[in-house]
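Observations on the three-dimensional arrangement
Given next are the chains, with one letter for each unit.
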Amino acid sequence: MAATPVEEIQDYQRKLSASLNTLRGAAGVEFGCSEKDAVYSEGKLTLYRYRARAERRNFPPVLIVYALVNRPYMMDLQPDRSVIRRLLDLGIDVYLIDWGYPDGADRFVELNDYINGYIDRCVTQILTAHALPSVNLLGVCQGGAFSLCYTALHPQRVRNLITMVTPVDFHTPENLLAKWVRELDVDALVDAYGVVPGDVLNAAYVSLMPFRLLQQKYVNLLDVAEDQTQMDNFVRMEKWIFDSPDQAGAAFRQFARWFFQENRLMHGTLEIGGQRVDLRQIRQPVLNIFGKQDHLVPPSASRPLERLTGSNDYTALEMSVGHIGMYVSGRAQTELPQKILQWLETR
Amino acid sequence: MANDNPMDPAGWMATMQKAQGDLMRQWSELSTTWAGQAAPANAGPAAAAGSSQAGADVARRFMGQFEQYLGVTRSVWELLGKAASAAPEQRAQSFSDGLMALQNQFAAMFAPVMGAGAVPNPWQGLGAAFGGLPGAAAQWPFSMPGAMPGWPSQSAAPWMSWPAALGPAREQQETWQRLATLGSRYAQAQTSLATQWNQIITTALRDLGTKLTPRLQSGSMPASMKEIYDLWVETAEGAYSQAAHGAAFMSAQAELSNAMSQLRIAQRELFEEWARQFDLPTRAELNTLHQQMRQFTSALQKLGGL
């Protein structure tokens, strides 16, 4: 029999009370689970190598280039939600660039510094350590766009390129975030802040679906109010969502204007460090992974990569997940690392 | 029993108040216990009181969600009840009219959601930090433009209408006039975005009526308050998404952010002027140093030194 409204209120109140205890229990929740070693650092950047969890495969390491706008521990959130751990379990040697938290001193850091500077020096570290000519690059979201640029500019240093939830065409009709940025006075925004606060970016992300992300999500939380494990998972995710680093102003200005407003990557008019980024220079194998339900980077933003690269070995992997589900969903844990392994092993 | 009647306003209120009171009491007891466990023996009652206060804040935020959730469901549930008791041919109209009358109530209820994507007020963080201090106004100096330290307490309009400045203080007058103009632009942008949001709420209420009216007529009412709430969220997101992709909303949102940015820049220029008068370092001075550091670093890297 359906509960009366009063019974529903009483049940809700009981769950609220229970959640106070489970929230208290989740206060010190930890995140990031796989063991890793810092092998290189420069400024706020740290290059990590994850410790092996299985015998390493006989192909070059995978370097993960994550986005600047969120923290990379989403790839290794907890033991049962870690794409990195699954890759390690499959014997893949994994490196990851942690960009750190830029501050006011980084306001003039540009995209050229990130792509031709930081990423290139991290690649050099790996190639030197392994005596290899090229590395496997796995770019995620904005880091995927950086990886495309890097590969186009330094093709000889990348053996295989994997892009995950990576936007290429920023002007597709479904891309609400890109539409909003188009009328933004980016110069004024960056001049006003110097380094653009992560809170500003978060405000934009949650406002893509404000009723769900600012209210319903927390009402639904009460359904797991008495389950400490689920509450821990929720808080861990909440931590990641709102743990957004500030953005170096100059790089933000360039990314917002060149990618979001002018769609230069798509049009072939992008220049980084004075060099044109020609995606046709990407002739190595490309695996492009994107989510069907991704509201941040819609599939339509990722698919055009196929006709833009010069690769004749292009594979698209479209998964039934959203943007965050790509990292933490059950499907991501079981299917994604295996697909990456199979793809790498045959190339 | 009155409380068993879902349409009985007194029952709702009594249940709500009891729930709120129970929750605050439970939280108070829990936080006192936790403070006792966590605080060192010599920390004294102040630490426990602080923890208790923080706990009460969490409880209040929870209750805010609770009240918002109930506010939506109660209003719609009551309307459904009223419409169901009307003559069959009048039910749809009664329900639809009732929903549209909720416009102001829902707009107020969802005010925290509205404009979430706009660039935050520069004083927001400062206001939040100071809001926790004894005696500090919770929103200081959040409200614009009158709350900025040194900001004229009277309306900005007279500053804007002053004639061109002459004499030694002309630069200062122009600075204040520019700030007043930008403050006014920001306020107008807020109004424009609020108008967009009111339209979204109106559309969402209308669409909710479209979804629920057939069920009202067929007698298959929602089984729970949560079902009504979820239907509202789905409908509201649909209305929002349609508007958010539109030119009017995008322009209003961008203008709010752009106006805020310009206002921040002008405010910083004012602060920099004060800082220079006291020979304190300014942002401009630091920027120059940062640029010089970049040039040195770049030169060293080219030499292979880094």
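In case you missed it, the structure is sitting above this.
Predicted, not measured: the structure shown is a model, and the values here were computed from it. (Residues numbered from 1 in each chain as written. Chains lettered and ligands numbered in written order. Predicted model: local features only at pLDDT ≥ 70, side-chain atom pairs only at ≥ 80, totals over all residues. Heavy atoms only, no water.)

1. A closer look at the overall build of chain B
As a reminder, the rule being used: Counting from the N terminus, the helices are the DSSP runs of H or I reaching at least four residues and the strands are the DSSP runs of E reaching at least two. For every residue, the accessible area obtained with a 1.4 Å probe (protein chains only) is divided by the maximum for its type, and the residue is called buried under 20%, exposed over 50%, and partly exposed between those limits. Contacts are assigned to residue pairs that have any heavy atoms within 4.5 Å of one another. Residue-level accessible areas treat just the shown protein chains as cover; the underlying method is Shrake-Rupley with a 1.4 Å probe.
Along chain B, the regular secondary structure elements total 10 helices and 0 strands. Secondary structure elements of chain B occur, N-terminal to C-terminal, as α-α-α-α-α-α-α-α-α-α. Here chain B holds 306 residues, and the buried ones make up 39% of them. A fraction of 68% describes how many contacts in chain B between residues 6 or more apart in sequence connect residues 24 or more apart. For chain B, the accessible surface area stands at approximately 15,900 Å², while carbon and sulfur atoms represent 59% of it.

2. Quick look at the packing of aromatic side chains
To be explicit about the condition: Classification of ring pairs rests on two measures: the distance between centres of Phe, Tyr or Trp rings, Trp counted by its six-membered ring, which must be within 6.5 Å, and the angle between planes, read as stacked under 30 degrees, edge-to-face over 60 and tilted in between. Look at NZ for Lys and CZ for Arg. If either is within 6 Å of the ring centre and within 35 degrees of the ring normal, a charge sits over the ring.
Applying the stated criterion to the full structure yields 22 aromatic pairs over all chains. Geometrically, the ring pair formed by Trp180 of chain A and Phe249 of chain B is tilted, given 6.3 Å between the ring centres and 35° between the ring planes. Separated into two different chains, Trp180 of chain A in helix α5 (residues 176-182) and Phe249 of chain B in helix α9 (residues 247-277) make up a pair that spans both. What makes Trp180 of chain A buried here is its relative accessible area of 7%. An angle of 55° between the planes, with centres 5.9 Å apart, marks the rings of Phe211 of chain A and Trp197 of chain B as tilted. One end of the pair, Phe211 of chain A, is in helix α8 (residues 210-221); the other, Trp197 of chain B, is in helix α7 (residues 170-218), on a second chain. Assessed through its relative accessible area of 1%, Phe211 of chain A is described here as buried. With relative accessibility at 2%, the residue Trp197 of chain B sits in the buried group. One aromatic cluster in this structure is built from Trp99, Tyr114, Tyr118, Phe146, Phe170, Phe255, Phe259 and Phe260 of chain A. For the cation-ring pair, Lys36 of chain A lies above Tyr48 of chain A, with the distance from its terminal atom to the ring centre recorded as 4.8 Å.

3. Here's the deal with the environment of Asn220 of chain A
Spelled out, the test is: Any N or O atom pair separated by 3.5 Å or less is treated as a polar contact, with the protein-specific requirement of one donor-capable and one acceptor-capable atom, and with residues adjacent in sequence counted only for side-chain atom pairs.
Relative to the helices and strands, Asn220 of chain A resides in helix α8. Residue class for Asn220 of chain A comes out partly exposed when judged on its relative accessible area of 27%. The spatial distance from the C-alpha of Asn220 of chain A to the C-alpha of Leu90 of chain A is 36 Å, given a sequence separation of 130 residues. Sequence-distant contacts of Asn220 of chain A, that is, excluding residues within four places in its chain, are made with Lys226 and Asp230 of chain B. Within the structure, the side chain of Asn220 of chain A is placed 2.7 Å from the side chain of Lys226 of chain B, a separation counted as a polar contact.

4. A few points about the environment of Leu182 of chain B
Residue and element names in this part refer to chain B. Along the polypeptide, Leu182 turns up in helix α7. Since its relative accessible area comes to 7%, Leu182 is described here as buried. When the C-alpha atoms of Leu182 and Leu102 are compared, they prove to be 34 Å apart, with 80 residues separating the residues in sequence. For Leu182, the contacting residues outside a window of four places in its chain are Gln262, Leu263 and Ala266.

5. Considering the interface of chain A and chain B
Going by this rule: The quantity reported as buried area is the accessible area (1.4 Å probe) lost by two parts once they are put together, taken as the sum for both. Every case where a carboxyl oxygen of Asp or Glu lies within 4 Å of a side-chain nitrogen of Lys or Arg is listed as a salt bridge. Polar here means any residue other than Ala, Val, Leu, Ile, Met, Phe, Trp, Tyr, Cys and Pro, which are nonpolar, and Asp, Glu, Lys and Arg, which are charged; Gly is therefore polar.
Contact residues are listed per partner, giving 52 residues for chain A and 61 residues for chain B. Both faces combined, the contact of chain A with chain B buries some 5,300 Å², and carbon together with sulfur accounts for 64% of it. When the shortest N-O distance is used, the salt bridge between Arg294 of chain B and Asp113 of chain A registers 3.0 Å. Mapped by element, the contributors of at least two residues to the side of chain A that touches chain B are α1 (5-25), α3 (111-130), α5, α6 (186-193), α7 (198-206) and α8 of chain A. The dominant element in the side of chain A that touches chain B, judged by the number of residues it contributes, is α1 of chain A, at 13 residues. Among the residues making up the side of chain A that touches chain B, the classes are represented as 30 nonpolar, 9 polar and 13 charged.

6. Focus: the pattern of salt bridges
Side chains that differ in charge, positive against negative, can pair when their charged atoms come close. Residues and elements named next belong to chain A. Taken as a whole and assessed by the stated rule, the structure comprises 37 salt bridges over all chains. Arg71 is paired through a salt bridge with Asp98; the nearest N and O atoms lie 2.6 Å apart. Here the residue Arg71 occupies a position in the loop between β3 (62-65) and α2 (83-89), and Asp98 occupies one in strand β4 (residues 94-98), the gap between them amounting to 27 residues. Taking the relative accessible area as the measure of exposure, Arg71 reaches 9% and is therefore buried. For Asp98, a relative accessible area of 11% translates into the label buried. Between Asp187 and Arg253 there is a salt bridge, and its shortest N-O distance comes to 2.9 Å. Taken as a pair, Asp187 in helix α6 and Arg253 in helix α10 (residues 249-261) lie far apart in primary sequence, 66 residues in all. Under the relative-accessibility criterion, Asp187 is labelled partly exposed at 30%.

7. Section: the pairing of strand β9 (residues 286-291) of chain A
All names here are of chain A. Note the following rule: For two strands to pair, DSSP has to find at least two bridges joining them.
Across the 6 residues that make up β9, a large majority, 6, are buried. The alternating pattern of β9 places Val286, Asn288 and Phe290 and Leu287, Ile289 and Gly291 on opposite faces, both of which are buried. Where strand β6 (residues 158-164) meets β9, 4 bridges bridge the pair, whose relative direction is parallel. Along β9, the bridge assignment pairs Leu161 with Val286. Examined bridge by bridge, β9 and strand β10 (residues 314-319) share 6 bridges and lie parallel to one another. Bridged to Phe290 within β10 is Glu318.

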